[in-house]
Each structure stands twice: as structure tokens, then as C-alpha cells.
Amino acid sequence: MSAITSELGGRMLYSMKMMREMEHRIEKLYRQGKIVGGVFFGRGQEAISTGSSILTEAEDAVCPCHRDLAAFLIRGMEPWVIFAHYMARRDGPTRGRDGNTHMGSLKHGIISYISSMAAIVPVANGVAFSFQYRKQPNVVLCYFGDGATSRGEWHEAMNYGAVFKLPIVYICNNNKYAYSTPTERQMAVAHITDRASGYGMPLQRVDGNNVLAVHEATKEAIARARSGGGPTLIECETFRMSGHSAHDGAEYVPKELFEEWAGKCPIARFEKVLQERGLLSAEEIARMYARIAEEIEEAVRRAEESPFPDAGDLLDGVFADSAAKKSHAAGSRAEGN
Amino acid sequence: MAERTYLEAIREGIWEEMERDADVFMLGEDIGEYGGAFKVSAGMLEHFGERRIIDTPLAENAFLGAAIGAAIMGLRPIVELQFADFITTAYDQIVNYAAKARYRWGAGVPMVIRGPSGGGVHGGPFHSNNPEMPFVHTPGLKVVVPASAYDAKGLIKAAIRDPDPVLFFEHKLLYRRIKEEIPAGDYVVPLGQARVARAGRDVSIITYGAMVFVALEAAEALAKEGIDAEVIDLRCLVPLDEAAVLASVRKTSRVILLHEDTLQGGFAGELAGRIAEKAFESLDAPVMRIASPDCPVPFSAPLEEAFLPNAKDVIEAARSLKAY
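What comes next is a walk through the structure. (Residues numbered from 1 in each chain as written. Chains lettered and ligands numbered in written order. Predicted model: local features only at pLDDT ≥ 70, side-chain atom pairs only at ≥ 80, totals over all residues.)

Thoughts on the overall build of chain A
Right, on to step 1. A tally of helices and strands in chain A yields 14 helices and 7 strands.
Right, on to step 2. For a compact globule of 337 residues, the expected C-alpha radius of gyration is about 20 Å, and chain A comes in at 20 Å, within 12% of that figure.
Right, on to step 3. Each principal axis of the C-alpha atoms in chain A carries an extent, and together these give about 70 × 50 × 40 Å.
Right, on to step 4. Per-residue burial over chain A gives 51% buried out of 337 residues.
Right, on to step 5. The contacts of chain A with a sequence gap of at least 6 include a subset with a gap of at least 24, amounting to 74%. (Helix = DSSP H or I, 4+ residues; strand = E, 2+ residues; numbered from the N terminus. Rg over C-alpha atoms; globule rule 2.2 N^0.38 Å. Buried ≥ 20, exposed ≤ 12 C-beta atoms within 10 Å, placed from the backbone. Contact = placed C-beta atoms within 7 Å.)

Some words on the sheet that holds strand 13 (residues 255–262) of chain B
Residue and element names in this part refer to chain B.
Right, on to step 1. Strand order in the open sheet made by the 5 strands is 9-11-10-13-14, with mixed pairing throughout. Each edge of the open sheet carries a strand with a single partner, namely strand 9 (195–198) and strand 14 (288–292). Across the sheet, the mean angle separating the axes of adjacent strands is 25° when strand polarity is ignored.
Right, on to step 2. Strand direction decides the pairing type here: strand 13 and strand 14, joined by 4 bridges, are parallel. Within the sheet, the bridge partner assigned to Ile256 lies in strand 14 and is Met288. (Pairing = 2+ DSSP bridges. Axes fitted to C-alpha atoms, helices over the stretch in contact; angles between N-to-C directions.)

Notes on the packing of helix 1 (residues 6–31) of chain A against helix 11 (residues 266–276) of chain A
All names here are of chain A.
Right, on to step 1. Contact pair helix 1 / helix 11: the axes reach a minimum separation of 10 Å and the direction vectors enclose 155°. When the interaxial angle is binned, helix 1 and helix 11 end up roughly antiparallel. Every pair of crossing elements has a handedness; the one defined by helix 1 and helix 11 is left-handed. From helix 1, Gly9, Met12, Leu13, Met16, Lys17 and Arg20 reach across to helix 11, where they touch Pro266, Ile267, Phe270, Glu271 and Leu274.
Right, on to step 2. Partitioning the contact of helix 1 with helix 11 into residue classes produces 7 nonpolar, 1 polar and 3 charged. (Parallel < 35°, antiparallel > 145°, perpendicular 65-115°, else oblique. Left-handed = near helix turned anticlockwise from the far one by under 90°. Nonpolar A, V, L, I, M, F, W, Y, C, P; charged D, E, K, R; others polar.)

Brief notes about helix 9 (residues 267–278) of chain B
All names here are of chain B.
Right, on to step 1. The first and last C-alpha atoms of helix 9 sit 17 Å apart over 12 residues, in line with the 16 Å expected at 1.5 Å per residue.
Right, on to step 2. Listed in full, the buried residues belonging to helix 9 are Phe267, Ala268, Leu271 and Ile275. Along the axis of helix 9, the buried positions cluster into a sector of 95°, meaning they face one direction only.
Right, on to step 3. Buried positions along helix 9 lie against helix 5 (133–136), strand 10 (203–207), strand 12 (236–238), helix 8 (242–252), strand 13 and strand 14. (Expected span 1.5 Å × (residues − 1). Arc of directions from axis to C-beta.)

Honestly, it's all geometry; don't read function into it.
As C-alpha cells, then:
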């Protein structure tokens, strides 16, 4: 297991815990009716986006999915902005035009995924291509779940990335369920890496609930991608410790599975590692968690102050130029006939 | 000035844009050494190299998506679809990703998706379609349908320079049949400006793509009967030059909406709605639609001839409107 500094260990723990607690707070806001629409969690999967995204450099890009909140945080998107987004306010990165984790921000190097799972993978290849085309030494981390790997787009994109040796790392959150469908109904092979074995890229399977294992595998994959060695697929074995979304009680998941995986909580495990290695003390961890709780309350307060979008801006941004936008939107209602 | 076919005009437009802007590149199936199924990119690999003329695997989702990602990062991809019919295999990427990215999170997608559409060459049900309407109906996309060599060059340049995703439907029947004197150097035909292909007083034939030539053929015949037809070539469906459409309707008071795409849900319905809303009082007769019947494009010559609108259809419609 790789050696890490207390600074890096602290950042990893902070990121995982912040993700966990923000999602708890988001769920509360959802139950209170302050967040509407779909709400998705990466509970139990915090090590994956943390251990990988923390390796990215300023000009790199990430394409997180709906269970990768830590990637947004690590790339510098502020918690209050994320809460504002969830609450459909004007200060979110989509100005109320989209919800949940559909957050993109070019200045943070975050490329937004969309709801049709795996559609982001070909797009992520294009971002990686732009680095290759411009001879920039940058990489893309592209995230998706096990369900996405059944899509044709995923297979096309894996093949494409390998053929062009794109500087990209494909990171699968294999959390064993796609909504209510278990992986054995998703595929006739045992692993996601088996699916990709025909594409000609290095494949690696790691314990996705061990942040250091994810970190180490991603480090190697990023180094390969940066040096022109092409893509890698990392399958992170994990478990979704919630329903598909906040409205889903996950009654279809055997209770024993939840119990088994609760014992593998990536945060509790990493707390132990940090203490055993003398990198962080119990007191330091407690202080960090108290700070996270305060930061979240402050973020929610600030987000609630953000106004809702102005309905007068409805058409803004359909096209770059207002002239085309106006022409496109021209109908009897828009023109007041 | 130089004489160019419609196809050569497209090639020249792309070529000049690639010379002008190092961020412009093209990707698609068999466009490199082979020069593309219709040879639009002939000679480009030798000139621009494989970094900018990119042969892809046979996987439209993968290369459309890659173009979108590259465009978000500021490059200017041109995607060649081997046949426009195959656009259906990448529908999700276009309507869910490319069309919505700017609106959702401010990420512009300056890309061109181009390819041969249309029938009349016995291509059968999978190489003859006019797939414009799903994209006309998707907010965030522009749709260009050139009918002349001059426009093909000027519009492809405008499309490449446009900050938003543009679908550029070339008509394969016109590739080598149309030849014109066009300016040798740089010029642009702005998106959203229709063209009066023939001025007339009695009836407006509003159309686009290869049907412009059907309309012009009908207009010549009608002139001999004393019916003076005006032909409007829309050039772009989105953005639409609605003012040009309404101006022609107000001038002639009689309208034929003509397209090669099938009738139900075709662009003529959209035009008819706008004309009904905004120029109802100018009409002296019902708006008439002429389009292909609601049926797949058939292969065998007698079937395809029966399928495609022709000058005779237009002439008969014009006569009935005149007599109304």
C-alpha cells in the first residue's frame, strides 16, 4: 500500500466525509421539499471519486457521474454552489436549467454528464482528444456505473479510446445495482473488466472502498495516459448503500448485503488507516468533522439566499446569439399574436 | 471565379476553413486515404495529414461524441456521416448532449455534422433519407440545406464558424449534377437568409435542397402558361428566414410548400402554421403542401419515381391554386 503524507490523507478524508455529509444534507432538504426532482447519492462510494480525482492537475478534466460528488468538490466547485444548484437557484452552474449532479463547469475542468448513462463516455474521449490534438500533457478521468457498461455507446467509446490511444482513464463504480437491476442481469460475465477485454487496453480491478487502492491504481493509469500510453479501465468494486435515488427504498436489495457492506465503509476504514499510521489523530479527525458540519450549514444558508432564476431568461443560452434564438423561438405565443 | 460542382464547392469551403483555422479538423468513416464515400475529402489527407483528417471506427456514437467533447474544449470539428441516414445511430449524442450543453451549463458546441441526404439515386431505404425534421424540432441545433454550389461553399464556411452545432445536409443528387461559377476565395453565406431563386408574382413555391430545381423546372413550364411563379430557396431551416417566407406569401397570396422529405411532420407543416398565424389575411387560396408520401424511400426506379415529388406535381398544384 502506497505511502501518503498526512496532508494528502487529510484531504482525502475531508473530501470523502464532505461528500457523505453533503449528501445527507441534500437528502434532508429533499425530504423538506426544498429540493425537488431526482436526488442521487454515492453513499458508500466516496473513495472512488476521491482517490482518483485528487490526482488531477489544474488543466486536467473530469467527467463525474451521479455518485461522484467528491470529484466536483476536489475540482473546486464550492459546496454552496452545489447546494444552490440542487435547490434550482440562479447561482448554480446551470442557473436552474438542470438539477442533481448534472453540473458542468469549464473553469473547473468538469464536463457534465447527462441522464442517458454512458453518453458521457464518447464525449469524454473528445475532451481527451483535444489534449492530444493540442499536444497538452493532460488527462481525463471519466466515471460511470456498472449499468452504463451495457450501453452500446460505452462499448463504442472504449474501443475508440483504445484505437486512438487517448489520454483518458475510465473509472467504473461497480456498485452491483443499476437502479433495481443487479449486475448478473446486466451481464453474463463476472466483471466489467471482462467486458472490456476485447478493446486492447490495460484493465484493473480494485477495492473501491479502499481510497488508497483507488488512488494507487489511478496514479499508474494517469501516468500511462500522460506519457502517450493510452487509456486504462479501472473497475472499482463497491456497493450502493442507498436506493437508486432518494425516493427509492431499495427493498429489492437483500438486507444482508447492506449489512455486509456497511462493515466496509470507506470512510471508517480510512479513519483507521490514518490513525494507525499516525497521520491524523482521533482529535484531529473530530475537529475536521466539526468543521465540515459548520461549512455545510454555512453553505446551505448561502445557497438559500441565492435567488431563483428569472423566468424572463427562459430562452437565454439556447443559442450563442440572440438573433438565432429569437428566430428559433418565434411562435404565436412568443410574438404575442 | 471558378467553375465548381456542388461537391467541389463543399470541399473548397472546408479546405479554406482548415487553412484559415488550425482548430478545424474533420473526422468520419473512410474520409482519409479513400477520400470519403463521395470523395468530398479527396486530397485532404495528403494536404492536412492524419492529425486533422481522421478515419474513425465504424461507430457513430463514438465519433459524434468525440467531436462534441472536442468542440466543448474549443476545437472546431466537422463530422462526416457517410450517409445522413446513419445519423439515427447517434441521435442521443446530438439531441441530448450537443443541443443542450450550452443551455444547461454554458458549454458551446461549435461543430458541424455533415453528410449526404436525399433520394433520386436508387439508394433504397437506408441511403436516401431526408432526416432533417427531428433536428429542426430540437432546440439548440441549426439545420442547413444548401441547393447551389455557391451556397454550399458559403454555407459550409458559415457553419464551421458558427458557435453552435450545425447539421449540414448535402443533397447527394446535386453533388456532381450542379456546376456553377463561384468566387475562388473566401466568402460566407450567413445562416438564416433565404434566397429568391426566381422572382414571380402569381404563386410562391417555398422549398429547399434538390427540390429547388424541381420548383424552377415547374416555374419555367408555368411561365409558358402565363403563371409567374416565385421560388424561395430557404437555405436554412433553423434559423429560418421567416420574413422572406412571409414577404413572398404577401406578394403572391398563393403558396406551395415543397419538400422531398415525407409529408407528415415535414417542414411544410411548420411553414403552414407560421403562414396561417402571420399572413392569413394575405392568402387567396389554401396553402398547399407537396412532399413525398408517408412511406420509406423505395429502391426500384418506378417506385422511387412515384415517391419523389416532381415538376408535374408542382405544375398541377400551381394551376389549381391559380384557378381557386
